[in-house]
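Residue strings, one per chain:
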Amino acid sequence: MSRNSRFEHRDKRRKANMVLNILIGIVVVLILVVASSLLIFNKPIDTDVANEPSKTAPASSENKQNSEEDVKDQNKDTSDESDEKKDDASDQDDDIKKTDDEDQPNKDALKDAKETDGGKTSDVDKTYENDDWDPVGTEQSGSHTATYDSNSTDWKEMIKAMSYATGISEDQMTVIWLGNNGGPQDAKGTIRDKSTGQRYRVEITWVDEKGWKPVKVEKLK
């Protein structure tokens, strides 16, 4: 073999080795790049950081639950206060109604009474009597003497008896006249209904320890 041939053969081998080394270098670089990428993507997750949401989430849920319970308690308290106010208002209404019922006479008093034939005088339109009329009660004790003083207890009880018989409340009644009816324990009064202008003559009699009792009501013309 000639010298030139050996030289050419050595040169080719050198070039082939150079190319091979370059390819090996490229492969190594690629391996390093891929390995680095895998290390980055597969980096372990910090367990403390990962657990932070789970730590805060229950706290948030607990706060929300506590907040909802507080709202429910407030609503319950408000509801209870409202119910108490309603009960108080209802009790007050019942008390007022009861007082009114006690103070107000029977508005149908004359409707429940028996109507008789007029009266002995021409000014009488209708006459009413009722066997169910009772004495109105009294605060007086001991022997009784009719008293026609407008400031006396006896006068007030006579007004109460006339109100009971006619169904006209005392504040709607005008007393035109009130006096003796022929006996020491008998009285008679003439009254007028303020709301209608209708006049009535009422006869009452005293019942010992029970007060004045209506006897007859005359509706005047």
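Remember, it's a predicted structure, so these values are computed and weren't measured experimentally.

Focus: the sheet that holds strand β5 (residues 199–207)
Within the open sheet, the 6 strands sit side by side as β1-β2-β6-β5-β4-β3. Their pairing is antiparallel. Lying at the two open borders of the sheet, with one neighbouring strand each, are β1 (114–116) and β3 (173–180). Neighbouring strand axes in the sheet, compared pairwise and without regard to direction, differ in orientation by 30 degrees on average. As judged from the 3 bridges shared by β1 and strand β2 (residues 124–129), these two strands associate in the antiparallel manner. In the strand pairing of β2, Glu115 is matched with Tyr128.

Structural notes on the pairing of strand β6 (residues 211–220)
The buried count for β6 comes to 7 of 10 residues, which makes it a mostly enclosed element. Bridge analysis of β2 against β6 gives 4 bridges, and the strand direction is antiparallel. In the strand pairing of β6, Val124 is matched with Leu220. Linking β5 back to β6 in an antiparallel pair, the connection comprises 3 residues, with Glu209 at a positive phi of about 65 degrees.

Quick word on the pattern of salt bridges
Scanning the model with the defined rule gives 4 salt bridges in all. Between Arg201 and Glu218 there is a salt bridge whose closest N-O contact spans 2.8 Å. Taken as a pair, Arg201 in strand β5 and Glu218 in strand β6 lie far apart in primary sequence, 17 residues in all. Salt-bridge contacts for Glu218 lead to Lys216; the nearest nitrogen and oxygen are separated by 3.8 Å. Glu218 sits in the buried class, given a relative accessible area of 7%. When its relative accessible area of 19% is taken as the criterion, Lys216 is described as buried. Connected through salt bridges with shared partners, the residues Asp123, Arg201, Glu203, Lys216 and Glu218 form a single ionic network.

Topic: the environment of Gly142
Checked against the element boundaries, Gly142 lands in the loop between β2 and α4 (153–166). With relative accessibility at 69%, the residue Gly142 sits in the exposed group. The spatial distance from the C-alpha of Gly142 to the C-alpha of Asp208 is 8.7 Å, given a sequence separation of 66 residues.

What to know about the confidence of the model for the chain
Of all residues in the chain, 67% have pLDDT values of 70 or greater, and the mean over the chain is 80. The low-confidence segment residues 96–102, where pLDDT is below 50, has 0 contacts with residues more than four positions distant or belonging to other chains.

Quick look at the packing of aromatic side chains
The full count for this structure, using the stated rule, is 1 aromatic pair. Judged by centre distance (5.6 Å) and plane angle (75 degrees), the rings of Trp206 and Trp212 are edge-to-face. With relative accessibility at 10%, the residue Trp206 sits in the buried group.

Some remarks on a nonpolar patch on the surface
A cluster of nonpolar side chains, Met18, Val19, Ile22, Leu23, Ile26 and Leu30, forms an exposed patch at the surface whose accessible area comes to about 570 Å². For Leu23, the location among the structural elements is in helix α1 (residues 3–41).

Considering unusual backbone geometry
Phi is positive for Glu209, close to 65 degrees, though the residue is something other than glycine. With respect to the helices and strands, the residue Glu209 is situated in the loop between β5 and β6.

Rules used in this analysis
- Residues numbered from 1 in each chain as written.
- Predicted model: local features only at pLDDT ≥ 70, side-chain atom pairs only at ≥ 80, totals over all residues.
- Heavy atoms only, no water.
- Pairing = 2+ DSSP bridges.
- Helix = DSSP H or I, 4+ residues; strand = E, 2+ residues; numbered from the N terminus.
- Axes fitted to C-alpha atoms, helices over the stretch in contact; angles between N-to-C directions.
- Buried < 20%, exposed > 50% of the residue type's maximum accessible area, 1.4 Å probe, protein only.
- Salt bridge = Lys/Arg side-chain N within 4 Å of Asp/Glu carboxyl O.
- pLDDT = per-residue confidence, 0-100.
- Contact = heavy atoms within 4.5 Å.
- Phe/Tyr/Trp six-rings, centres within 6.5 Å; stacked < 30°, edge-to-face > 60°.
- Patch = residues over 30% accessible without salt bridge, like charges linked within 9 Å, V, L, I, M, F, W, Y side chains within 5 Å.
- Areas by Shrake-Rupley, 256 points an atom, 1.4 Å probe, with all protein chains shown as cover.

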